[in-house]
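Understanding the architecture of this molecule
Here is what each chain is made of, one letter per residue.
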Amino acid sequence: MPLGWKVLNAVLVLVPKLVLWLALVPSGVHYLMETAGIVDVLVNAMALTFVLDIDELLFAQLTTVATRHVMENMEELPLFDISTEEEEEDDEVLERYQ
């Protein structure tokens, strides 16, 4: 994927989602903590869950079957594997980097 598409996706998808999450979670938790009755807490928690999940609901309703199939079957790429480094002894690491 070209760098331009990555930047565009980050600006149009990641940043708004992060801003929305950072704005709603602290205020939602505060709102829930201030609610007195258990029924009101449950209703408010469901409302907060709906607001946080609205993007996934819109995706499910507004995309085609083919798009959903492609998104569900995408392979995850391993970001970083440190298993070999974790198994090494300190002396082996020192010898490798000297």
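Here we summarise the structure given alongside this text.

Regarding its fold elements, the protein chain presents five helices and zero strands. Going from N to C terminus, the protein chain has its helices and strands arranged as α-α-α-α-α. Its C-alpha atoms give the protein chain a radius of gyration of 22 Å, clearly above 13 Å, the size a compact globule of 98 residues would have. A principal-axis box enclosing the C-alpha atoms of the protein chain has dimensions of 65 × 40 × 25 Å. Summed over its atoms, the accessible surface of the protein chain is roughly 9,100 Å², and 68% of this surface lies on carbon and sulfur atoms. Put simply, the protein chain has 4 plus and 18 minus side-chain charges, and the middle of one group is 14 Å from the middle of the other.

We now examine the pattern of salt bridges. Applying the stated criterion to the full structure yields two salt bridges. Lys 17 is paired through a salt bridge with Asp 55; the nearest N and O atoms lie 2.5 Å apart. Pair noted here: Lys 17 is in helix H1 (residues 3-34) and Asp 55 is in helix H2 (residues 38-62), with a separation of 38 residues, a long-range link. Given a relative accessible area of 41%, Lys 17 falls into the partly exposed group. Notably, a salt bridge pairs Arg 96 with Glu 88, separated by 2.3 Å at the nearest N-O pair.

Between H1 and H2, whose axes approach to 11 Å, the crossing angle comes to 175°. When the interaxial angle is binned, H1 and H2 end up roughly antiparallel. Across from Lys 17, Trp 21, Leu 24, Val 25, Gly 28, Tyr 31 and Leu 32 in H1, the residues of H2 making contact are Val 41, Asn 44, Ala 45, Leu 48, Val 51, Leu 52, Asp 55 and Glu 56. Residues belonging to the contact of H1 with H2 are distributed by class as follows: 10 nonpolar, two polar and three charged.

With 25 residues, H2 should reach 36 Å at 1.5 Å per residue; the first-to-last C-alpha distance of 35 Å fits that figure. Maximal helix bending in H2 amounts to about 55°, located at Asp 53.

Bringing a negative patch on the surface into the picture now. Taken together, the side chains of Glu 89, Asp 90, Asp 91, Glu 92 and Glu 95 define an acidic patch exposed on the protein surface. Along the chain, Glu 95 turns up in helix H5 (residues 90-96). You can call Glu 95 exposed: its relative accessible area is 62%.

A surface patch of nonpolar side chains, amounting to about 720 Å² of accessible area, comprises Leu 3, Trp 5, Val 7, Leu 8, Val 11, Leu 12 and Val 13. Position of Leu 12 relative to the elements: it lies in helix H1. Among the residues examined, Leu 12 registers a relative accessible area of 57% and is labelled exposed.

Calculation notes
Residues numbered from 1 in each chain as written. Predicted model: local features only at pLDDT ≥ 70, side-chain atom pairs only at ≥ 80, totals over all residues. Heavy atoms only, no water. Helix = DSSP H or I, 4+ residues; strand = E, 2+ residues; numbered from the N terminus. Rg over C-alpha atoms; globule rule 2.2 N^0.38 Å. Areas by Shrake-Rupley, 256 points an atom, 1.4 Å probe, with all protein chains shown as cover. Lys, Arg positive; Asp, Glu negative; His and termini not counted. Charge placed at Lys NZ, Arg CZ, Asp CG, Glu CD. Salt bridge = Lys/Arg side-chain N within 4 Å of Asp/Glu carboxyl O. Buried < 20%, exposed > 50% of the residue type's maximum accessible area, 1.4 Å probe, protein only. Axes fitted to C-alpha atoms, helices over the stretch in contact; angles between N-to-C directions. Parallel < 35°, antiparallel > 145°, perpendicular 65-115°, else oblique. Contact = heavy atoms within 4.5 Å. Nonpolar A, V, L, I, M, F, W, Y, C, P; charged D, E, K, R; others polar. Expected span 1.5 Å × (residues − 1). Bend = angle between axes of the 7 residues up to and from the residue. Patch = residues over 30% accessible without salt bridge, like charges linked within 9 Å, V, L, I, M, F, W, Y side chains within 5 Å.

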